[in-house]
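Structural overview
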Amino acid sequence: MTAVEPEEAAPEAAPAIRVGAPTELRNPRSVDLDLMSTRDVLTVINEADRRVPGAVAAVLDEIAATVDLAVAALRAGRRVHYFGAGTSGRLGVLDVAELAPTFNSPRDWFCAHLAGGQDAMLRAVENVEDDDRGGAAEAAECVAAGDVVVGLAASGRTPYVLGALAASRAKGAATVLLCANPQAEAAGSVDVFIGVDTGPEVVTGSTRMKAGTAQKLVLNTFSTAVMVRLGRVYSNLMIDMVATNAKLRGRMISILMEATGCGEEICRRALHEADGDLKTALVSLVSGAGVTAARAALARSEDHVRDALALLAS
């Protein structure tokens, strides 16, 4: 007799969850999107995008609360973390990457954590955003008491992000959730909830569109305000920038000229005497003090230009 091979069990279907976030609803203005002319498609997208700044304006109080948490944490030697997946996580990585060259911020002030790691920057990595244990483990490893942890999730329910927030809260960190779902269930489990009401996407569920734009605006607003509060801006000028090329070195001269009213040659000489340190040159020119005194005043005022000038004037 011939042995009968047992039938192979059918593979289990991957779990599926229907998300009830506003970004998953159909947008009535774009139901005929595939029938429109190119110009009309662009018009519909542009009209939808106009909703985003108003939606961000409605959550400025929550963003301000997050800025205050971050400033206090950074002044205390703690860190700010972003945890996200997909588009949301990539936007967090982008924000962090731009802070050091723009504001010369220490590289350990802001940390971006993307579900799936570096591979996920350029392609989707399967199932990583559903891994709440992965998010919790990553947070448990790098988050400390007193840190600020910002979860980035368009739907407000991404397991990787919620796992990271829960673990961070257990470590004694302040937690923030930024999403495009004002009714997210997780709102009550974080210290600050930023639910930006961007509504249904032009392409249903494509959160790289309005939801992503809103997250980019919020992150720009948040991190820039943090840098302003920490003295990385004088007036509206970047005074802590890193001059890594000829264009940026020229910008430093222009900034000195704008801030002081001095001519180009004087500003070039001051910057040279300050060993290329824009803040020191600025304080020296505005106060009339020497470079050594300007540098000492900045050290005593935690690198704030206006405080250093007040010290030299007293």
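The structure reproduced in this document is the subject of the present report.

Rules used throughout
- Residues numbered from 1 in each chain as written.
- Predicted model: local features only at pLDDT ≥ 70, side-chain atom pairs only at ≥ 80, totals over all residues.
- Heavy atoms only, no water.
- Salt bridge = Lys/Arg side-chain N within 4 Å of Asp/Glu carboxyl O.
- Helix = DSSP H or I, 4+ residues; strand = E, 2+ residues; numbered from the N terminus.
- Buried < 20%, exposed > 50% of the residue type's maximum accessible area, 1.4 Å probe, protein only.
- Phe/Tyr/Trp six-rings, centres within 6.5 Å; stacked < 30°, edge-to-face > 60°.
- Contact = heavy atoms within 4.5 Å.
- Polar contact = N/O pair within 3.5 Å; in protein donor to acceptor, adjacent residues only side chain to side chain.

**Focus: the pattern of salt bridges**
Counting across every chain of the model gives nine salt bridges. Salt-bridge contacts for Asp119 lead to Arg123; the nearest nitrogen and oxygen are separated by 4.0 Å. Of the charged contacts in the structure, one is a salt bridge between Glu264 and Arg268, with a shortest N-O distance of 2.9 Å. On the criterion of helical spacing, the pair formed by Glu264 and Arg268 is a turn pair, its members being four residues apart in helix H9 (residues 264–273). By relative accessible area, Glu264 is classed as partly exposed at 39%. Its relative accessible area of 43% is what places Arg268 among the partly exposed residues.

**Looking at the packing of aromatic side chains**
Going through the model one piece at a time under the given rule, you end up with four aromatic pairs. Ring centres of Tyr82 and Phe222 lie 6.4 Å apart, and the angle between their planes is 55°; this geometry places the pair in the tilted category. On the criterion of sequence distance, the pair formed by Tyr82 in strand S1 (residues 80–84) and Phe222 in helix H7 (residues 210–229) is long-range, its members being 140 residues apart. In this pair, the class of Tyr82 matches that of Phe222, namely buried.

**Side note on helix H10 (residues 278–287)**
Of all 10 residues in H10, seven are buried, a share of seventy percent or more. Regarding H10, the residues found buried are Leu278, Lys279, Thr280, Ala281, Leu282, Val283 and Ser284. Against the buried residues of H10 lie strand S6 (233–234), strand S7 (237–238), helix H8 (246–260), H9, helix H11 (291–300) and helix H12 (305–313). For H10, the N-terminal cap is Asp277; the gap from its side-chain oxygen to the backbone nitrogen of Lys279 is 3.1 Å.

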